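Below are the chains, spelled out letter by letter.
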Amino acid sequence: MEERKTILSGIQPSGELTLGSYLGAIKNWVSLSKDYNCYYCIVDMHAITVRQNPASLRRRTLEQLAQYIACGLDPEENTIFIQSHVSAHAELAWVLDCYTMFGELSRMTQFKDKSAKYADNINAGLFTYPALMAADILLYQADLVPVGIDQKQHIEITRDIAHRFNGIYGDVFKIPEPYIPEVGAKIMSLTSPENKMSKSDKDSGGCIYIMQKPEDIMRSFKRAVTDSETCVRYDPEKKPGISNLMTIYSVATGKSFDEIEKEFDGKGYGDFKPAVGEAVVEMLRPIREEAERILKDKAYLEKVYRNGAEKAAYTANKTLRKVYKKVGFVQK
Ligand code: TYM
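Asks: Which residues make up the packing of aromatic side chains, and what are the values?
Replies: Applying the stated criterion across every chain yields a total of 15 aromatic pairs. Between F81 and Y140 the ring centres are 5.7 Å apart and the planes differ by 45°, which places this aromatic pair in the tilted class. Of this pair, F81 sits in strand β3 (residues 79-82) while Y140 sits in the loop between α7 (124-138) and β4 (144-146), and the two are 59 residues apart along the sequence. Residues F165 and Y169 carry aromatic rings whose centres are separated by 4.6 Å and whose planes lie at 45° to one another, so their mutual orientation is tilted.

Asks: Tell me what's going on with the site of the ligand, and back it up with residues and numbers.
Replies: The immediate surroundings of the ligand are formed by 28 residues, with Q12, Y129, D136, D150 and I187 found nearest. The separation between a nitrogen atom of the ligand and a polar side-chain atom of Q151 is 2.9 Å. One of the side-chain nitrogen or oxygen atoms of K199 is found 2.9 Å away from an oxygen atom of the ligand. With the chains in place, 97% of the 710 Å² that the ligand exposes on its own is no longer accessible.

Asks: How would you sum up the domain arrangement of the protein? Please name residues and give values.
Replies: When cut into domains, the protein gives domain 1 (6-180 + 298-327) and domain 2 (204-292). Placing a centre on the C-alpha atoms of domain 1 and another on those of domain 2 gives a separation of 30 Å. If you look at the interface, domain 1 gives eleven residues, while domain 2 gives 14 residues. Interface area for domain 1 against domain 2, summed over the two sides, is near 1100 Å², with a carbon-plus-sulfur share of 82%. Taken as a group, L19, L23 and A70 account for 44% of the area that domain 1 buries against domain 2, more than any other trio of residues on that side. Applying the counting criterion to the domain 1 and domain 2 interface returns zero salt bridges. In this assembly, domain 1 and domain 2 are joined by two residue pairs in polar contact (both at pLDDT 80 or more). Looking at the side of domain 1 that touches domain 2, the elements with two or more residues in it are α1 (19-32) and α3 (54-70).

Asks: Before we move on, could you go through the nonpolar core and cite the residues and values that matter?
Replies: Looking at soluble globular proteins, one finds that nonpolar side chains tend to be buried together. With 60 residues, the main nonpolar core has F221 and F272 as its most contacted residues. Residue contributions to this core reach at least three from each of two domains, namely domain 1 (6-180 + 298-327) and domain 2 (204-292). Once you skip the residues sitting within four places of it in the chain, F272 turns out to touch V232, I242, L245, M246, Y249, I260 and F264. If you look at the next biggest cluster of nonpolar residues, it comprises 43 residues, including L126, A135, A316 and L320.

Asks: Kindly report on the pattern of salt bridges, identifying the contributing residues and their values.
Replies: Tallied over the full model, the rule gives 16 salt bridges. Its salt-bridge partner being D227, residue K239 comes within 3.3 Å of it at the nearest N-O pair. With K239 in the loop between α9 (214-222) and α10 (240-253) and D227 in the loop between α9 and α10, this pair connects stretches of sequence that are twelve residues apart. For D227, a relative accessible area of 22% corresponds to the partly exposed category.

Scoring rules and cut-offs
Residues numbered from 1 in each chain as written. Predicted model: local features only at pLDDT ≥ 70, side-chain atom pairs only at ≥ 80, totals over all residues. Heavy atoms only, no water. Phe/Tyr/Trp six-rings, centres within 6.5 Å; stacked < 30°, edge-to-face > 60°. Helix = DSSP H or I, 4+ residues; strand = E, 2+ residues; numbered from the N terminus. Near = heavy atom within 4 Å. Polar contact = N/O pair within 3.5 Å; in protein donor to acceptor, adjacent residues only side chain to side chain. Areas by Shrake-Rupley, 256 points an atom, 1.4 Å probe, with all protein chains shown as cover. Domains from an automatic or database assignment. Contact = heavy atoms within 4.5 Å. Buried area = accessible area lost by both parts, 1.4 Å probe. Salt bridge = Lys/Arg side-chain N within 4 Å of Asp/Glu carboxyl O. Core = buried A, V, L, I, M, F, W, Y, C linked by side-chain atoms within 4.5 Å. Buried < 20%, exposed > 50% of the residue type's maximum accessible area, 1.4 Å probe, protein only.

What follows is the structure, given as C-alpha cells:
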C-alpha cells in the first residue's frame, strides 16, 4: 500500500479565528484530514513577531486549540500541537536562516505590509519569519500545505530554501506544494471589500469571527458594503462586495455562482445579505457551541497538546538530526 502523504499547516494565535481563516484554510484541513497524515499547529512563535499581550496570547492559544477540534479535526487522527512545544522548529529555523538570502526576505509582501503597519517594531523576527515557517513545513516532510492565497509566497520561498539545501546536501527535504481552495482562498473585508478580511482589522464590522454571536454576525452582513446596482451577479472587478458575499455564500452552502444568481434573480440585496448572514450563522453555530464545551475541559486540552507535541517532536527531531549531521555538527 502506498504510504499516506503528509500535510502541515498552522495559524497564528495573534487574534480571534476569522471566517477568512476558516474558509481559506481550516475547512480544507478538515476535508483533507481523512486521507492524509496531518500536522496542524498553533504557531505561537510566529505570533510574537508582533507585540502580544502575554495573557491574551496564552488564552487565544488554548481557544484556538479548542476551535480546531470543534471545526472537526479529531486529535486522535491528526497531530495537533503548539509550535513552541516542539523546540525543533526554532532549531531548524536557525539553520535555515543561514540558507535564506536577505534579498529574498526583503521581497516578502507580508514583511512589507507588517513593517508598514507596525513601523515602531520592525524586528528581526518579522524579517526572518519565512525561515521559521519553512522550518514548520520541512520538519515534517510535508507534501501539501493547505493555506489561503496570501500565504502562497511563503510556500514558494520554502520551496526555494528546500531546493537550495537539497542542492548542497542531497535529498534532505521533501519539496512541498501549496493547496489553495478554488473558492474562498481570499475572503475580503465586509466593509472594505478591496482588502482581505483580517484578524487585525481595526474596523470591527469588516471581519467575522468564528466565535461571534449570531446577532453580531447578522448585523455585520446586513451592513456589508455592496454597490449601487441591485442584482446579485459575480463580478469581482466591478462588484467586489457582492462577489465576496457570493463567495462566502457559495462555500457555506455548496451552491455554485450560477445557482446563487438564479436563486436571487429578481430579488435585491435586502434579501441576499441576510441570507448570507444566516448561512454563515448556521455553519458556525455547531463549531461555536462545541468549542465552548471543549474549552471548559482544561484537562482534556492539556492532554491533546501534550500528546500532539510528543508525536510532532518525534517526526520533527528525525529531520532535525539529519540536517545537523548534513551541515557538519558533531553528533551527541
Ligand atoms: P495566518 O495566521 O495569517 O492565517 C491562517 C490561515 O488562514 C488563511 N487566511 C485566509 N484565507 C482566505 N481569506 C482570508 N481573508 C484569510 N485570512 C487568513 C491564511 O492564508 C492561512 O492559511 N504565516 C501563516 C501561518 C503559518 C503557517 C506555517 C501556515 C506559520 N507557519 C506553516 C502554513 C504552514 C499566517 O500568517 O497565517
